[in-house]
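Geometric and topological summary
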Amino acid sequence: MLKLVLPKGSLEQATMQLFSDADLAVRRSSAVDYRATIDDPRIDDVRILRPQEIPSYVADELFDLGIAGRDWIEETSSDVISLGELRYSKATSRPVRIVVAVPDDSGYESLDDLPDGVRVSSEYPELTRRHFAERGVSADVRLSYGATEAKAPDIVDAVVDLTETGRALRAAGLRIIDEILTSYTEIFTNRAAYDDPAKRRAMTQLKTLLDGVLDARGKVLVKLNVAREHLDAVVDVLPSMKAPTVNELWGGDAYAVETVAPKNEINVLIPELIERGATDIVEMPISKIVP
């Protein structure tokens, strides 16, 4: 039913893992194949293309559903309908930022300090031109085909680049002086597909599966037993999505308790539970959480 296009490049591995975890494994003959399949009745065709092109192709109705960063939607001014953010990126669940950076030893502290005619290198020339024009700075914007951070100060005065952690910019001796855009990965469609009830239903179902995986990341299921007299003390320190599940054990003198907890807190939580009387603690991974 749906023609789906997924991003190649920096988001590729994370996207393939997300779909696999959602039981929508993307299958292709090799890692460089641009055609793929997903064994799901809602998906008819899958392509893997550069994210720079995906918003335009979806807007032109060549595909029903696409995944790419908000940065490329804005750069291409594509008329698409966002179905929501998918909070993952190349290395973390944090968004990426499109920033203006200058050499550390330059005297520039903000975008307003840049002189007219400033030379700027960017993989986002349209986004850069619009942003500088809105701030009243006339810039000589030059398209970069990669390694943007390496071009200042010898080739250009400033760069507009994407950063997730800022590490590459700092390593190149650059300092961020302005932020143009915060960009999450998004899943989006076009008006024709969105107005088709069957396609919209299929797209909504797929997004539910992907969201379920992302919501489960960083969380674990904790199960434990606790005597009646220690129940309140244990429940008092338990995190939960709504409330812990508590069931009476056979005999009535103890309870089985389970809850969802952040994985990064479990090393502190388990010793605390033991001190408060919990026993038989089991930590289990979670593949999806669907409200």
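Source: prediction; values computed, not measured.

Quick notes on the packing of helix H1 (residues 12–21) against helix H7 (residues 197–216)
The contact between H1 and H7 brings their axes to 9 Å, and the two run at 100 degrees. In terms of orientation, H1 and H7 fall into the roughly perpendicular class. Here Leu 18, Phe 19 and Asp 21 of H1 lie close against H7, whose contacting residues are Leu 210, Val 213 and Leu 214. Residue classes in the contact of H1 with H7 are distributed as five nonpolar, no polar and one charged.

Quick notes on H7
Taking 1.5 Å as the rise per residue, H7 with 20 residues should run 28 Å; its terminal C-alpha atoms sit 29 Å apart, in good agreement. Buried within H7 are the following residues: Ala 202, Met 203, Leu 206, Lys 207, Leu 210, Gly 212, Val 213, Leu 214 and Ala 216. Looking at where H7 begins, the residue whose side-chain oxygen comes 3.0 Å from the main-chain nitrogen of Ala 198 is Asp 196. Once H7 finishes, Gly 218 follows within two positions and takes phi at roughly 80 degrees, a positive value.

Topic: unusual backbone geometry
With glycine set apart, most residues show a phi of negative sign, and most peptide bonds adopt trans. Omega for the bond connecting Ala 152 with Pro 153 falls within 30 degrees of zero, at 5 degrees, which places this linkage in the cis form. Positive phi is not limited to glycine here, since Asp 23 has a value of about 60 degrees. Inspection of the secondary structure assignment puts Asp 23 in the loop between H1 and strand E2 (26–27). Classification of Asp 23 as exposed rests on a relative accessible area of 58%.

Considering the sheet that holds strand E7 (residues 96–103)
Strand order in the open sheet made by the five strands is E9-E8-E10-E7-E11, with mixed pairing throughout. Each edge of the open sheet is held by one strand with a lone partner, namely strand E9 (139–143) and strand E11 (174–183). On average, each strand axis in the sheet is inclined to that of its neighbour by 25 degrees, with strand direction left out of account. Two strands pair when backbone bridges link them, and E7 and E11 are joined in this way by eight bridges, in the antiparallel orientation. Opposite Ala 101, over in E11, you have Ile 176 as the bridge partner.

Some remarks on the sheet that holds strand E1 (residues 2–7)
Read from one edge to the other, the open sheet built from seven strands follows the order E2-E3-E4-E1-E5-E12-E6, with strand pairing classed as mixed. Each edge of the open sheet is held by one strand with a lone partner, namely E2 and strand E6 (81–86). Alignment of E1 against strand E4 (residues 43–49), held across six bridges, turns out to be parallel. Along E4, the bridge assignment pairs Lys 3 with Asp 45. Packing against the sheet, H1 makes contact with E1, E2, strand E3 (35–38), E4 and strand E5 (65–69), and its axis sits at approximately 135 degrees to E1. With respect to the sheet, H7 is in contact with E1, E4, E5, E6 and strand E12 (185–189), its orientation differing from that of E6 by roughly 15 degrees.

Section: the packing of aromatic side chains
With the rule as written, the count across this model stands at two aromatic pairs. Plain terms: the ring middles of Tyr 57 and Phe 63 are 6.4 Å apart, the flat faces sit at 50 degrees to each other, and that makes the pair tilted. Tyr 57 sits in the partly exposed class, given a relative accessible area of 26%. Its guanidinium or amino end placed over the ring of Tyr 34, Lys 8 lies 5.3 Å from that ring's centre, counting from NZ or CZ.

Considering the nonpolar core
In terms of nonpolar packing, the biggest core is built from 28 residues, with Leu 4, Leu 6, Phe 19, Val 26, Ile 38, Tyr 88 and Leu 210 touching the most fellow members. The leading source of residues in this core is H7, at six residues. Counting residues in each nonpolar core, the second largest holds 17 residues, with Val 120, Tyr 124, Val 160 and Ile 177 among its members.

Some remarks on helix H4 (residues 125–134)
Within H4, the full set of buried residues consists of Pro 125, Leu 127, Thr 128, His 131 and Phe 132. An end-on view of H4 places all buried positions within 160 degrees of arc, on one side of the element. Away from the buried face of H4 by more than 90 degrees, exposed residues Ala 133 and Glu 134 are located. For H4, the elements touching its buried residues are helix H3 (70–76), E7, strand E8 (118–122), E9, strand E10 (158–163) and E11. Downstream of H4 by one or two residues, Gly 136 has phi in the positive range, about 80 degrees.

So, how was this worked out
Residues numbered from 1 in each chain as written. Predicted model: local features only at pLDDT ≥ 70, side-chain atom pairs only at ≥ 80, totals over all residues. Heavy atoms only, no water. Axes fitted to C-alpha atoms, helices over the stretch in contact; angles between N-to-C directions. Helix = DSSP H or I, 4+ residues; strand = E, 2+ residues; numbered from the N terminus. Parallel < 35°, antiparallel > 145°, perpendicular 65-115°, else oblique. Contact = heavy atoms within 4.5 Å. Nonpolar A, V, L, I, M, F, W, Y, C, P; charged D, E, K, R; others polar. Expected span 1.5 Å × (residues − 1). Buried < 20%, exposed > 50% of the residue type's maximum accessible area, 1.4 Å probe, protein only. Polar contact = N/O pair within 3.5 Å; in protein donor to acceptor, adjacent residues only side chain to side chain. Pairing = 2+ DSSP bridges. Phe/Tyr/Trp six-rings, centres within 6.5 Å; stacked < 30°, edge-to-face > 60°. Lys NZ or Arg CZ within 6 Å of the ring centre and 35° of its normal. Core = buried A, V, L, I, M, F, W, Y, C linked by side-chain atoms within 4.5 Å. Arc of directions from axis to C-beta.

Scope: geometric values only; no functional claims are made or implied.
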